[in-house]
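One-letter residues, chain by chain:
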Amino acid sequence: MPKLSKLEKQNRILKQVEELFSKAKDNPTKGNFYVHKLRKIAMKVNLRLPHYLKQKFCKHCYSYFYKENYRVRTRNKFMVYYCNNCKKYSKYGLKPKSS
Ligand SMILES: [Zn+2]
């Protein structure tokens, strides 16, 4: 088997991570399980999760965000996520507009 470069490995893992997120979306009660799993595989190759994926779970307690366990507000050009599980806030910049 040819040795994969670091970047190829990371791309491969990113696909798996996206798959896990789509599974979590279909099955939000198991969301936390998927988040823990995908963090582990991402850490193995030092993959930094892209921001659209980071916003799908709490950065403090890693619980998966779905309907009732979080709130989103916008404040000063930031998206502020409030986690009902650990009662903490996560702040993310608004997406830069394309075009
Ligand atoms: Zn939390």
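Just above sits the structure.
Rules used throughout
Residues numbered from 1 in each chain as written. Predicted model: local features only at pLDDT ≥ 70, side-chain atom pairs only at ≥ 80, totals over all residues. Heavy atoms only, no water. Core = buried A, V, L, I, M, F, W, Y, C linked by side-chain atoms within 4.5 Å. Buried < 20%, exposed > 50% of the residue type's maximum accessible area, 1.4 Å probe, protein only. Helix = DSSP H or I, 4+ residues; strand = E, 2+ residues; numbered from the N terminus. Contact = heavy atoms within 4.5 Å. Patch = residues over 30% accessible without salt bridge, like charges linked within 9 Å, V, L, I, M, F, W, Y side chains within 5 Å. Areas by Shrake-Rupley, 256 points an atom, 1.4 Å probe, with all protein chains shown as cover. Salt bridge = Lys/Arg side-chain N within 4 Å of Asp/Glu carboxyl O. Lys, Arg positive; Asp, Glu negative; His and termini not counted. Charge placed at Lys NZ, Arg CZ, Asp CG, Glu CD. Pairing = 2+ DSSP bridges. Axes fitted to C-alpha atoms, helices over the stretch in contact; angles between N-to-C directions. Phe/Tyr/Trp six-rings, centres within 6.5 Å; stacked < 30°, edge-to-face > 60°. Lys NZ or Arg CZ within 6 Å of the ring centre and 35° of its normal.

**Q** Would you take a moment to explain the nonpolar core for this structure?
**A** Soluble, globular proteins show a tendency: their nonpolar side chains are buried together. Ranked by internal contacts, the top residues of the largest apolar core, which has 16 residues, are I13, V17, F21, L38, L47 and L49. Elements supplying a minimum of two residues to this core: α1 (6-26) and α2 (31-44). In this structure L49 touches V17, L38, A42, K54 and F57, once residues within four positions along its chain are discounted.

**Q** How do you make sense of a positive patch on the surface when you look at a structure like this?
**A** On the surface, a cluster of positive charge is contributed by R48, K54, K59, R75 and K91. Tracing the backbone shows K59 in the loop between α3 (51-54) and β1 (70-75).

**Q** Looking at this structure, how should I read the sheet that holds β1?
**A** The strands that make up a sheet are held in pairs by hydrogen bonds between backbone atoms, and each pair lies either parallel or antiparallel. If you walk across this open sheet you meet the three strands as β1-β2-β3, and the pairing is antiparallel. Edge positions in the sheet fall to β1 and β3 (89-93), since each of these pairs with one other strand and no more. Ignoring strand direction, the axes of neighbouring strands in this sheet form an average angle of 25 degrees. By the bridge criterion, six bridges tie β1 to strand β2 (residues 78-83) in an arrangement that is antiparallel. Counterpart to Y70 in the pairing with β2 is C83.

**Q** Explain the packing of aromatic side chains to me, please; I cannot follow it from the model alone.
**A** Between two aromatic rings, the relevant description is the distance of the centres plus the angle of the planes. Inspection of every chain in the model, using the stated rule, returns eight aromatic pairs. On the basis of an interplanar angle of 15 degrees and a centroid distance of 4.7 Å, the ring pair of F65 and Y70 is categorised as stacked. Pairing Y70 with Y81 gives two aromatic rings, centres 6.0 Å apart and planes at 10 degrees, and the pair type is stacked. With Y70 in strand β1 and Y81 in strand β2, this pair connects stretches of sequence that are 11 residues apart. Given a relative accessible area of 26%, Y70 falls into the partly exposed group. You can call Y81 buried: its relative accessible area is 7%. Taken together, the ring pairs connect F65, Y70, Y81 and Y92 into an aromatic cluster. In this arrangement the basic side chain of R39 is found over the ring face of Y62, its NZ or CZ atom lying 3.6 Å from the centre. Over the aromatic face of F78 sits the side chain of K91, whose NZ or CZ is 4.6 Å from the ring centroid.

Purely spatial values, then, with no claim about function.
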